[in-house]
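Here is what each chain is made of, one letter per residue.
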2 protein chains.
Amino acid sequence: MARIALDAMGGDHAPQAPIAAALMAVVELGPEHQIQLVGRSSVIRDELNAQLAAASARDLLVEAATRFEIIEAPDVIEMTDKPSVAIRGKPNSSMAVGIRLQAEGKSDAFVSAGNTGAQMAASTFVLRLHEGLTRPAIGTVFPTARQPVVVLDSGANVDCSATELVQFARLGAVYARDILGRASPAIGLLSIGEEPEKGNAAVKEAHQALLGAGLNFIGNVEGRDIPMGACDRGPIDVVVCDGFTGNVLLKFYESVAPMLFGMLAKAGVTREQLGAVVHALDYAKYGGAPLLGVKGVSIICHGKSSPEAIQNGILAGLRAVESRLSQHIGEQLAT
Amino acid sequence: MARIALDAMGGDHAPQAPIAAALMAVVELGPEHQIQLVGRSSVIRDELNAQLAAASARDLLVEAATRFEIIEAPDVIEMTDKPSVAIRGKPNSSMAVGIRLQAEGKSDAFVSAGNTGAQMAASTFVLRLHEGLTRPAIGTVFPTARQPVVVLDSGANVDCSATELVQFARLGAVYARDILGRASPAIGLLSIGEEPEKGNAAVKEAHQALLGAGLNFIGNVEGRDIPMGACDRGPIDVVVCDGFTGNVLLKFYESVAPMLFGMLAKAGVTREQLGAVVHALDYAKYGGAPLLGVKGVSIICHGKSSPEAIQNGILAGLRAVESRLSQHIGEQLAT
């Protein structure tokens with residue numbers, strides 16, 4: 001049984017998209033789990049009623065909607081607010097309130113498509129980091145020609161030290177085991193050549209440190225290895241990089257597939273032919289990326305998330321709770 | 001009239017691929033230009049004779065081959081050699097000899113698919129940098145949904161200062177004007193958000209410096225904007241980034257297209273349907289990337305280059321000579 005708090009006010013399409021996601025998820029999740037809708041109660045109730053009135057499977061949804069808990073949070077963090085606003089400026093925002101529920105033992109996970117910087121700041125400040133960490137990291141799943149790989153950090157930290165890169169490797173190893181089901185996750189360090197002496201200063205130092213970190217470190221991997229899900233030393237489960245490189249790559253990847261599909265459509269390939277591949281690469285399927293390293297569960301969704309993407313964020317939150325991801329991260333760091 | 005020196009010993013498929021490329025290029029270029037084959041004369045002559053013997057348009061090629069100049073260089077730089085070897089260890093390598101020809105006024109451009117680090121070191125050491133530069137940069141053309149964009153640095157410098165990023169912007173502006181034909185190249189700084197305060201320390205500082213650099217600086221661009229060839233402020237001609245990020249992106253891009261095509265082929269899309277798009281993205285078409293900033297022309301080809309890719313490297317060298325790219329870079333830096 002898990003209690004998942006959803007930021008009803010977060011994202012470019014709030015409150016419609018989060019409420020629609022909650023309605024989809026509450027049916028899918030089953031009665032043993034609970035969704036906590038955090039935000040302005042009146043806005044949430046109005047939107048919920050509007051969506052229920054328009055729904056086709058109305059009876060089912062009305063019953064499911066009784067399982068929502070609505071938690072009042074009068075303030076809203078805007079996409080343009082500075083991260084610190086979540087902590088100091090708007091302590092009664094849906095984001096701050098939703099995350100505090102976990103610290104108070106009233107919730108097991110938080111999911112938001114709102115301001116990512118604010119979510120990171122509030123999650124780190126309220127939930128705190130596991131012992132041994134200096135920064136949290138965002139772990140994003142990249143579809144590949146083989147199994148999906150988790151790339152981290154994909155945006156939480158722009159300037160990373162070698163020590164932090166090693167921390168990301170530890171976080172990624174637990175994620176790959178708990179969420180992706182890899183028994184002994186193969187960890188690659190993203191660089192510009194496979195030789196240990198290739199890379200920027202932080203990467204070169206991290207390479208040496210990873211050799212003695214007790215992880216299944218397979219050495220440096222290159223940009224070309226990520227879409228293949230493998231390098232010449234075998235499959236890759238985790239790609240470690242700084243958050244600047246990871247964020248650039250993530251956004252590049254999200255954009256290059258539609259660009260290619262557009263070119264193919266012009267070349268006469270039909271939508272039906274593209275369908276399966278478009279679906280395989282649809283980021284909405286992967287939904288939410290966990291902020292790894294905090295004591296608790298905080299799932300970051302894309303600002304422009306569709307209801308389906310937020311629903312998958314909710315499911316990602318549930319998986320993190322059920323697999324005890326955060327606890328296992330604490331144990332990994334203690335070894 | 002241009003004299004283009006080709007490293008006959010450089011690349012994974014040397015000497016076959018460079019010699020085949022030279023035979024293709026010498027026909028295409030016309031009699032006013034000259035190709036200088038640099039390497040072990042006996043190896044070059046044997047390979048040339050073997051290829052001529054097997055060629056279908058033999059007469060044409062034999063005539064064209066008389067226009068080759070073969071320049072003896074007894075040593076070969078291996079792919080695994082350290083960059084400094086090109087300068088100190090093997091001064092009589094095909095790479096060192098080929099580049100020295102320019103310094104001696106006997107050649108106009110150098111093209112190699114050999115050891116990139118060695119080529120950068122030798123080019124910088126022998127040709128020297130234009131006044132005002134601390135580092136050269138590799139400019140790579142990325143195909144996009146619109147016009148191609150030049151991304152630099154794509155691998156020459158792993159740790160870059162803000163000052164160097166601004167230098168790359170100047171180099172890229174001249175390249176986009178001279179080679180891509182853009183009248184007033186739009187320059188984007190690669191970051192993780194369009195706001196000036198987004199990015200790592202070097203990027204944030206570079207953003208401020210670029211505002212007053214007298215270039216058509218359009219602000220930060222993100223990973224997603226590159227495949228589109230545009231951001232919400234319009235088309236992009238030049239993307240400025242450090243060589244770590246640029247190299248990771250370049251290799252990622254080279255690999256993601258084949259991965260997608262593989263998935264599409266499995267989904268039933270035919271080779272004929274993919275053909276036009278595969279061709280549009282074929283890196284061999286773009287062939288060689290210039291090492292921008294040196295006083296002269298040094299074109300870097302992929303180690304695994306096909307003859308077609310090296311031929312395009314030779315043509316890239318010719319375009320750099322004819323457009324007076326290096327002289328224009330000197331002028332841009334002097335303003």
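Each value, and the rule that gives it
- Residues numbered from 1 in each chain as written.
- Chains lettered and ligands numbered in written order.
- Predicted model: local features only at pLDDT ≥ 70, side-chain atom pairs only at ≥ 80, totals over all residues.
- Heavy atoms only, no water.
- Salt bridge = Lys/Arg side-chain N within 4 Å of Asp/Glu carboxyl O.
- Helix = DSSP H or I, 4+ residues; strand = E, 2+ residues; numbered from the N terminus.
- Buried < 20%, exposed > 50% of the residue type's maximum accessible area, 1.4 Å probe, protein only.
- Axes fitted to C-alpha atoms, helices over the stretch in contact; angles between N-to-C directions.
- Parallel < 35°, antiparallel > 145°, perpendicular 65-115°, else oblique.
- Left-handed = near helix turned anticlockwise from the far one by under 90°.
- Contact = heavy atoms within 4.5 Å.
- Pairing = 2+ DSSP bridges.
- Phe/Tyr/Trp six-rings, centres within 6.5 Å; stacked < 30°, edge-to-face > 60°.

## A closer look at the pattern of salt bridges
- The final tally for this structure, using the stated rule, is 17 salt bridges over all chains.
- With its nearest N and O atoms 2.4 Å apart, the salt bridge here joins Lys251 of chain A to Glu222 of chain B. In this pair, Lys251 of chain A sits in helix H9 (residues 243-266) while Glu222 of chain B sits in the loop between strand S9 (217-221) and helix H8 (225-228), so the two residues belong to two different chains.
- Residue Asp237 of chain B pairs with Arg182 of chain B through a salt bridge whose shortest N-O separation is 2.6 Å. Taken as a pair, Asp237 of chain B in the loop between strand S11 (234-235) and strand S12 (238-240) and Arg182 of chain B in the loop between helix H6 (162-178) and strand S8 (187-190) lie far apart in primary sequence, 55 residues in all. Comparing Asp237 of chain B with Arg182 of chain B shows no difference in burial state: the two are buried.
- Each of Glu194, Asp232 and Arg233 of chain A takes part in a single network of salt bridges with overlapping partners.

## Quick word on the packing of H6 of chain B against helix H13 (residues 325-334) of chain B
All names here are of chain B.
- Axis separation between H6 and H13 bottoms out at 9 Å; the angle between their running directions is 135°. Between H6 and H13, the angle is such that the two are oblique. As for the relative orientation of H6 and H13, their crossing is right-handed in sense. Here H6 contributes Arg170, Leu171, Val174, Tyr175, Arg177 and Asp178 to the contact with H13, which in turn contributes Leu325, His328, Ile329, Gln332 and Leu333.

## With respect to the sheet that holds strand S4 (residues 109-112) of chain B
Residue and element names in this part refer to chain B.
- Spatial strand order, S3-S2-S1-S4-S14-S13-S5: 7 strands in an open sheet with mixed pairing. Each edge of the open sheet is held by one strand with a lone partner, namely strand S3 (69-72) and strand S5 (137-138).
- In this structure, strand S13 (residues 288-292) lies alongside strand S14 (residues 298-301), joined through 3 bridges in antiparallel fashion. Pairing of Pro290 across the sheet is with Ile299, part of S14.

## Observations concerning the packing of aromatic side chains
- Counted according to the given criterion, the structure contains 7 aromatic pairs over all chains.
- Relative to Phe252 of chain B, the ring of Tyr253 of chain A has its centre 5.0 Å away and its plane inclined at 85°; by these criteria the two rings are edge-to-face. One end of the pair, Tyr253 of chain A, is in helix H9; the other, Phe252 of chain B, is in helix H9 (residues 243-266), on a second chain. Per residue, the accessibility class of Tyr253 of chain A equals that of Phe252 of chain B, and both read buried.
- Consider the rings of Phe142 of chain B and Tyr253 of chain B, whose centres lie 5.3 Å apart with planes at 40°: the pair is tilted. One end of the pair, Phe142 of chain B, is in strand S6 (residues 140-142); the other, Tyr253 of chain B, is in helix H9, with 111 residues separating them in the sequence.
- Using a relative accessible area of 1% as the deciding quantity, one classes Phe142 of chain B as buried.
- Tyr253 of chain B gets classed as buried once you look at its relative accessible area, which sits at 8%.
- In textbook terms, an aromatic cluster arises when at least three aromatic residues are bridged by ring pairs, as seen for Phe142, Phe252 and Tyr253 of chain A together with Phe142, Phe252 and Tyr253 of chain B.

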